[in-house]
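# An overview of the molecular structure
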Amino acid sequence: MKKLVMVLFLWGALLPTPSAPAAELLVSAAASLHDAFVELASLFEQENPGVRVIGNFAASGVLYRQLAQGAPADVFASANPSWMEEAIGRGLVQREKSHQFVTNELVLAVPVAGRVTISGLADLKSPAVTRLGIGTPETVPAGRYAKEALAAAGLWQELSGKMIFAENVRQVLDYLRRGEVDAGFVYATDAVKAGAAVRVVEALPLAEEPVYLIAPLARSRQPELAWRFVELTRSERGGAILARHGFRPAGGQFAGINDGGGKQ
């Protein structure tokens, strides 16, 4: 038995060990960007051999608080300008390196197999509607936009008792897909992801269009790679991926940026 153990040990020592990534890039991004950024990360890794992109997805406000408390990250992508402004104010991001890259649309959506007929915001006042999914406005941009739209329509106070608050917009989408709420407020891109399980009732009029911003972190351990990732999201190739997931380019079109230079 001792000889067998020794042979196995020596054999194991001769096996090639997988090489570690040359670098890791930590990307903290709004939950609504998850699917698009997973695809972008795959493309980035292909074009930067040895680099591993690690995504951290949550509500933008939650991500900002993590960063403010010292959580490591190389790139921050926020679903609205306010949290990026907070990051700039804390010195986490340099203003000149923060860029708008995509826009979205906030919609009222319902489960296709829902028990209540809803054709517009006014129908949410019906006693038959008892559960409304919404992101927590203090931390979730989609929730903040929804609150502003409902307040403008004079409905926020009346409907607040029906609200089921979620940690991020994808949680609201899960509520809708499982039929756990009668209606919910999500981005148009989330409704696309839900497929046939969710129906969009209407787009909500907003005082400001949901704009996403992205920037490298000032304390990034991989500043050149961080900037390359930012450039990829603003490029034609990255834009094609984002467009497939339902996002629209900020400013009307994605720029023809050379992603390989890493220049800031």
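Computed from a predicted model, the values in this text were never measured in an experiment. (Residues numbered from 1 in each chain as written. Predicted model: local features only at pLDDT ≥ 70, side-chain atom pairs only at ≥ 80, totals over all residues. Heavy atoms only, no water.)

Right, let's talk about the overall build of the protein for a bit. Helices and strands together make up the secondary structure of the protein, namely 10 helices and 11 strands. Residues classed as buried in the protein amount to 49% of the 264 residues present. Contacts spanning at least 24 positions in sequence make up 76% of the contacts within the protein whose residues lie at least 6 apart. (Helix = DSSP H or I, 4+ residues; strand = E, 2+ residues; numbered from the N terminus. Buried < 20%, exposed > 50% of the residue type's maximum accessible area, 1.4 Å probe, protein only. Contact = heavy atoms within 4.5 Å.)

Let us look at empty space enclosed by the protein. Considering all chains together, one arrives at one cavity of 30 Å³ or more under this definition. A31, A59, V140, P141 and V169 are the residues nearest the centre of the largest cavity, which is lined by 13 residues in total. When the residues that make up the lining of the largest cavity are grouped by side-chain class, the tally is 10 nonpolar, three polar and no charged. (1 Å grid on protein atoms, 1.4 Å probe; cavity = no way out; pocket = protein on both sides within 12 Å on 5 of 7 lines; lining within 4 Å. Points joined across faces, edges and corners; volume = space filled by probe spheres on them. Nonpolar A, V, L, I, M, F, W, Y, C, P; charged D, E, K, R; others polar.)

This brings us to the side chain of D182. Mapping D182 onto the fold places it in the loop between α7 (169-177) and β8 (183-187). Here R115 takes part through its side chain, which lies 3.3 Å from a polar atom of the side chain of D182. The residues contacting D182, other than those within four sequence positions of it, are V110, P111, R115, V116, I118, A128, V129, T130 and R131. (Polar contact = N/O pair within 3.5 Å; in protein donor to acceptor, adjacent residues only side chain to side chain.)

What follows is about the packing of aromatic side chains. Following the criterion strictly, the structure yields seven aromatic pairs and no others. For the ring pair F37 and F101, a centre distance of 6.2 Å and an interplane angle of 45 degrees mean the geometry is tilted. Pair noted here: F37 is in helix α2 (residues 34-47) and F101 is in strand β4 (residues 99-103), with a separation of 64 residues, a long-range link. By relative accessible area, which is 3% here, F37 ends up buried. Classification of F101 as buried rests on a relative accessible area of 2%. Three or more aromatic residues joined by ring pairs make a cluster, and in this case those are F37, F44, F101, Y187, Y212, F229 and F247. (Phe/Tyr/Trp six-rings, centres within 6.5 Å; stacked < 30°, edge-to-face > 60°.)

At their nearest, the axes of α2 and helix α10 (residues 236-244) sit 9 Å apart, and the two run at 155 degrees to each other. Judged on the interaxial angle alone, α10 and α2 are roughly antiparallel. Crossing hand, α2 versus α10: right-handed. Taken together, the residues of α10 that come into contact with α2 (itself represented by A36, F37, E39, L40, L43 and E47) are R237, G238, I241, L242 and R244. When the residues that make up the contact of α2 with α10 are grouped by side-chain class, the tally is six nonpolar, one polar and four charged. (Axes fitted to C-alpha atoms, helices over the stretch in contact; angles between N-to-C directions. Parallel < 35°, antiparallel > 145°, perpendicular 65-115°, else oblique. Left-handed = near helix turned anticlockwise from the far one by under 90°.)

Let us now look at helix α5 (residues 141-152). Taking 1.5 Å of rise per residue, 12 residues should cover 16 Å, and α5 covers 17 Å from first to last C-alpha, within 8% of that figure. When α5 is considered as a whole, its buried residues turn out to be P141, A142, G143, R144, Y145, A146, A149 and L150. Two residues or fewer past α5, G154 is found with a positive phi of approximately 70 degrees. (Expected span 1.5 Å × (residues − 1).)

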